[in-house]
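Letter by letter, the chains look like this.
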Amino acid sequence: DLISIHGQTIHHIDGQITKQIGNPKYLNIFFQVPVIYEFRKKDIELNGKGAPLVPFLDWLLYKNNNEDTIALNLGGISNLTYIPTTGHRNKVLGFDTGPGMSLIDEYVKLTWNNDMDYDAKHSINGKINHNLLDELLKEKFITQNPPKSTSREDFEKLFLIEKIEKFQKISYNDFIRTLVNFTAITIKINIDMFLNVSKDCRLIISGGGANHPLLIEDLKKNIKIKSLEILNNENLNVNSKESLLMAVLGYSCYHNIPNNMISVTGAKELAVYGEIYE
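Residues numbered from 1 in each chain as written. Predicted model: local features only at pLDDT ≥ 70, side-chain atom pairs only at ≥ 80, totals over all residues. Heavy atoms only, no water.

Caption draft 1: Inspection of helix α6 (residues 157-166) at higher detail. Taken together, the buried positions of α6 are Phe159, Leu160 and Lys163. Buried residues of α6, seen end-on, are gathered within an arc of 95° and therefore sit on one face of the element. The exposed set on the far side of α6, more than 90 degrees from its buried face, consists of Leu158 and Glu165. Lining the buried residues of α6 we find α4 (102-112), α5 (130-136) and α7 (172-194). The N-cap of α6, judged by a side-chain oxygen 3.3 Å from the amide nitrogen of Leu158 a few residues on, is Glu156. (Buried < 20%, exposed > 50% of the residue type's maximum accessible area, 1.4 Å probe, protein only. Helix = DSSP H or I, 4+ residues; strand = E, 2+ residues; numbered from the N terminus. Arc of directions from axis to C-beta. Contact = heavy atoms within 4.5 Å. Polar contact = N/O pair within 3.5 Å; in protein donor to acceptor, adjacent residues only side chain to side chain.)

Caption draft 2: Spotlight on the environment of Tyr82. When you line up the elements, Tyr82 lands in strand β6 (residues 77-83). With 24 residues separating them along the chain, Tyr82 and Asp58 place their C-alpha atoms 8.5 Å apart. With residues up to four places along the chain from it excluded, the contact list for Tyr82 reads Asp68, Thr69, Ile70, Lys91, Val92, Leu93, Leu195, Asn196 and Val197.

Caption draft 3: The arrangement of empty space enclosed by the protein in detail. By the definition in use, this model includes one cavity of 30 Å³ or more. In this model, the largest cavity occupies a volume close to 70 Å³. Lining the largest cavity, in full, are Asp43, Pro52, Leu53, Phe56, Leu249, Asn259, Asn260, Met261, Thr265 and Tyr273. Across the lining of the largest cavity, the residue classes break down as six nonpolar, three polar and one charged. (1 Å grid on protein atoms, 1.4 Å probe; cavity = no way out; pocket = protein on both sides within 12 Å on 5 of 7 lines; lining within 4 Å. Points joined across faces, edges and corners; volume = space filled by probe spheres on them. Nonpolar A, V, L, I, M, F, W, Y, C, P; charged D, E, K, R; others polar.)

Caption draft 4: Representation of the pairing of strand β8 (residues 202-206). Counting buried positions along β8 yields four of five residues, so the element is predominantly enclosed. One ladder, built from five bridges, connects strand β5 (residues 69-74) with β8; its direction is parallel. The residue of β8 that forms the bridge with Asn73 is Ser206. Viewed along the sheet, the connection from β8 through helix α8 (residues 213-222) into strand β9 (residues 227-230) turns out right-handed. (Pairing = 2+ DSSP bridges. Right-handed = clockwise from strand over helix to strand, strands pointing away.)

Written as structure tokens, this is what we have:
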């Protein structure tokens, strides 16, 4: 009935500009159905940060849980959504915490010419270097107050090369092991600093990083809450959640249903995000 396309983000500066490529015209010509696109621009026009978008879906999924719930997405960038026990829309919090898999993937490409640290095959053989970890944790975004968003542009090859040159004596395996731990620690720091949750909270993980066993182990060691689980049921799993998000955003746009989260991005009013090409 409809196609909803996010596009590939090629440029994002928190609260200032966001640019996605992907032309709805050609999809519309080929499939002959309306195409919904351009979901981030209006948030910035409303003085929001432009990201993250997923808290709208998280709120719909978990607002009736009757327990504090954190939905953590481990993509290239890590972002989380906090849905309180009340499920009230204006009490939902969501923000980027820092790198997810971006630095880990980039380091694997630079060092071993592979796409990813599949099944932690490189990092499992390393040890955490705390001098490197302390250096990484100096990154200001980690402790920046929300609302906040970032992008791979801030945590990519140039960022890594600077650290590699400064810590040349560290082995490859120790370096990547430290990057894995860094991702986990940044998530812990953001939960501790900005979310007032009890130990009875439930944390549900999705995104490609949910498949990295060592990262999940680090999260379990460092985040002390009742339940930490991987999103996986017959209707929804780690690989399909972001696709569902786009379908929901497209549907809500087409039917003129407000689909932003004021308490997440700082936008000044409820609004319908997305443009329709038909």
